[in-house]
Amino acid sequence: MSEYMLRALELAKRGEGNVSPNPMVGCVIVKSGQIVGEGYHQLYGGPHAEINALETAGNNAEGATVYVTLEPCCHTGQTGPCTTALIEAKVARVVIAMRDPNPLVAGNGIELLRQAGIPVEEGENEEEARTLNKKYLTRFEKKRPWVIAKWAMTLDGKIASRTGSSRWVSSEASRHKVHQLREQVDAVMIGSRTALLDDPELTVRLPEKAVRRHPLRIVLNDDASISPNSRLVWTTKEAPLLIGVDAAAPLEKVQQLEEAGCEVMVLPGKLRILSLYSESRQRKRDLRPGSPQNRADWDAIKEKKQKHQSESEELQQGRERFTFLFEELVKRDVSSLLVEGGGALLGSLLDLKLIDEVHVFIAPKLIGGKEAVSPMMGMGIAEMVDSLNLKIYTVEMIGPDIYIHGRI
């Protein structure tokens, strides 16, 4: 472990929220045991970390050792190749934390440096470097965005009352934190029920600073029923809105949304697992206690739940749908996706093991009610021993709320 690579990692993190879809990269140049230059990738489309570090080092870069958190690029994109700049600067050695999984680089940067007679060492602080750029790596290694689940709930684990009322579960300070999270991701997604009940904008609103960009907003709305008068549709000129619909969505509604500035994407399959919980709950309301029909219906519900413990047809269709959507997002360079609810959508993602990270806000409130909405529905995990554990990064108070941030 090197103090210089740790410094490079520290510098790299400063680019968070400003460089996506590029990775966060830091660079430190050392000569005779002294740092003579350092830099990081500050803004997407701007100079890379190595270029900024070389600029600050000037002539001192010749014969120096370069510590960089990611393999230097070797292709021309919005900027020139960093390998060429390092070679021309006549650096003596390059130490990298990890290789770049981007097929345009993927070891080629290292090979070019070695061909130029510059020794390259790999793997220093690699684990820290991978953690730093987990979103970027997931896009290339798993062909999907890094999925972040966020919800606010009462102390008794409810995200809305039995009537669907949810404004506001958490405090203003917690909601400000959510806007900071939105600023750091490429896309935000909700389900149709959340869009209907909350009528959110899903934009970034930070009064203390100028907003560089808004994330792509996504609503899963099979029947294209979202109102053209909703806040989401009103703000399409401010921030892009993608609506995922079923192939059977009424053409008239689809055209109406497109005319309002929305992009409509037809998704394969049906996300039947999203309605399983609601369907069972509705059937329970309709039953009359004590009748033979009641016992038969309860047996049917039990059988249905057991059926969904395995890789059912409905679960497979959900997987097909998210695979299609996520592949499309990757094509658009979406590396990170913040899912803000509701419980059905988050439950489906949990069932499919597609959640990587969570941000939870727990308000000191109690609302009770067996019909009140939970943060994660879907089928859920059958045995406690199979529950997913979190690696906790943060537990702190934000206003009156408890904030928990962790990684699955």
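Here the structure is a predicted model, which is why all the values come from computation and not from measurement.

Peer 1: Could you clarify how one ought to interpret the packing of aromatic side chains in this entry?
Peer 2: Given two aromatic rings, their pairing is described by the distance between the two centres and the angle made by the two planes. All chains considered together, the criterion is met by four aromatic pairs. Centre to centre, the rings of Tyr 4 and Tyr 67 are 5.3 Å apart; their planes meet at 45°, and the pair counts as tilted. Separated by 63 residues along the polypeptide, Tyr 4 in helix α1 (residues 3-12) and Tyr 67 in strand β3 (residues 65-68) bring together distant segments of the chain. Neither residue differs from the other here; Tyr 4 and Tyr 67 are each classed as buried. Ring centres 5.7 Å apart and planes at 35° place the aromatic pair Phe 322 and Phe 326 in the tilted group. One end of the pair, Phe 322, and the other, Phe 326, are both in helix α13 (residues 313-331), four residues apart, so they sit about a helical turn from each other. Since its relative accessible area comes to 0%, Phe 322 is described here as buried. Judged by relative accessible area, which is 2%, Phe 326 ranks as buried. Taking NZ or CZ as reference, Arg 175 lies 4.3 Å from the ring centre of Trp 168, over its face.

Peer 1: Explain the pairing of strand β4 (residues 93-96) to me, please; I cannot follow it from the model alone.
Peer 2: The side chains of a regular strand alternate between the sheet's two faces. Strand direction decides the pairing type here: β3 and β4, joined by four bridges, are parallel. Bridged to Val 68 within β4 is Ile 96. Read from β3 through helix α3 (residues 82-88) to β4, the crossover connection turns out right-handed. Sheet topology note: the β4/strand β5 (residues 120-122) ladder contains three bridges and is parallel. Looking at the pairing, Ile 96 lines up with Glu 122 of β5. For the handedness criterion, the β-α-β arrangement of β4, helix α4 (residues 108-115) and β5 is classed as right-handed.

Peer 1: Teacher, can you tell me more about the sheet that holds strand β1 (residues 26-31) here?
Peer 2: Backbone hydrogen bonds are what pair the strands of a sheet, in a parallel or an antiparallel way. Within the open sheet, the five strands sit side by side as β2-β1-β3-β4-β5. Their pairing is mixed. The open sheet has two free edges, formed respectively by β2 (34-40) and β5, since each of these has just one partner strand. Each strand axis lies, on average, 15° off the axis of its neighbour in the sheet, ignoring direction. Inspection of the sheet shows β1 paired to β2 by six bridges, in the antiparallel sense. Considered in β2, the bridge of Cys 27 is made with Gly 39. Its contacts with the sheet put helix α2 (residues 49-57) on β1, β2 and β3, and the angle it makes with β2 is roughly 140°.

Peer 1: I tried to follow the environment of Glu 183 on my own but got confused; where do I start?
Peer 2: Secondary-structure assignment places Glu 183 in helix α7 (residues 172-183). On the accessibility criterion, Glu 183 (14% relative accessible area) is buried. Along the sequence, Glu 183 and Val 204 sit 21 residues apart, while their C-alpha atoms lie 6.1 Å from each other.

Peer 1: Can you help me understand the pairing of strand β12 (residues 357-363) in this one?
Peer 2: A large share of β12 lies buried, amounting to seven of its seven residues. Of the two faces of β12, the one carrying Glu 357, His 359, Phe 361 and Ala 363 and the one carrying Val 358, Val 360 and Ile 362 are both buried. Pairing geometry for strand β6 (residues 146-154) and β12, over seven bridges, is parallel. Bridged to Ile 148 within β12 is Glu 357. Here six bridges tie β12 to strand β14 (residues 401-407), and the two strands are oriented antiparallel to one another. When the sheet's bridge partners are listed, His 359 is paired in β14 with His 405.

Peer 1: Just checking my understanding: could you explain the environment of Gly 380 for this structure?
Peer 2: Along the polypeptide, Gly 380 turns up in the loop between β12 and β13 (391-398). With relative accessibility at 27%, the residue Gly 380 sits in the partly exposed group. Sequence-wise, Gly 380 and Ser 348 are 32 residues apart; in three dimensions their C-alpha atoms are separated by 8.5 Å.

Peer 1: Which parts of the structure should I look at to understand the sheet that holds strand β7 (residues 187-191)?
Peer 2: Ordered in space as β10-β9-β8-β7-β11-β6-β12-β14-β13, the nine strands form an open sheet in which the pairing is mixed. The open sheet has two free edges, formed respectively by β10 (263-266) and β13, since each of these has just one partner strand. Averaged over neighbouring strand pairs, the angle between their axes works out to 20° when direction is ignored. In this sheet, strand β8 (residues 216-220) lies alongside β7 in parallel orientation, the contact comprising five bridges. The partner of Ile 190 across the bridge, within β8, is Val 219. In the packing of α7 onto the sheet, the strands contacted are β6, β7, β11 (336-339), β12, β13 and β14, and the crossing angle to β12 comes to about 165°.

Conventions adopted
- Residues numbered from 1 in each chain as written.
- Predicted model: local features only at pLDDT ≥ 70, side-chain atom pairs only at ≥ 80, totals over all residues.
- Heavy atoms only, no water.
- Phe/Tyr/Trp six-rings, centres within 6.5 Å; stacked < 30°, edge-to-face > 60°.
- Helix = DSSP H or I, 4+ residues; strand = E, 2+ residues; numbered from the N terminus.
- Buried < 20%, exposed > 50% of the residue type's maximum accessible area, 1.4 Å probe, protein only.
- Lys NZ or Arg CZ within 6 Å of the ring centre and 35° of its normal.
- Pairing = 2+ DSSP bridges.
- Right-handed = clockwise from strand over helix to strand, strands pointing away.
- Axes fitted to C-alpha atoms, helices over the stretch in contact; angles between N-to-C directions.
- Contact = heavy atoms within 4.5 Å.

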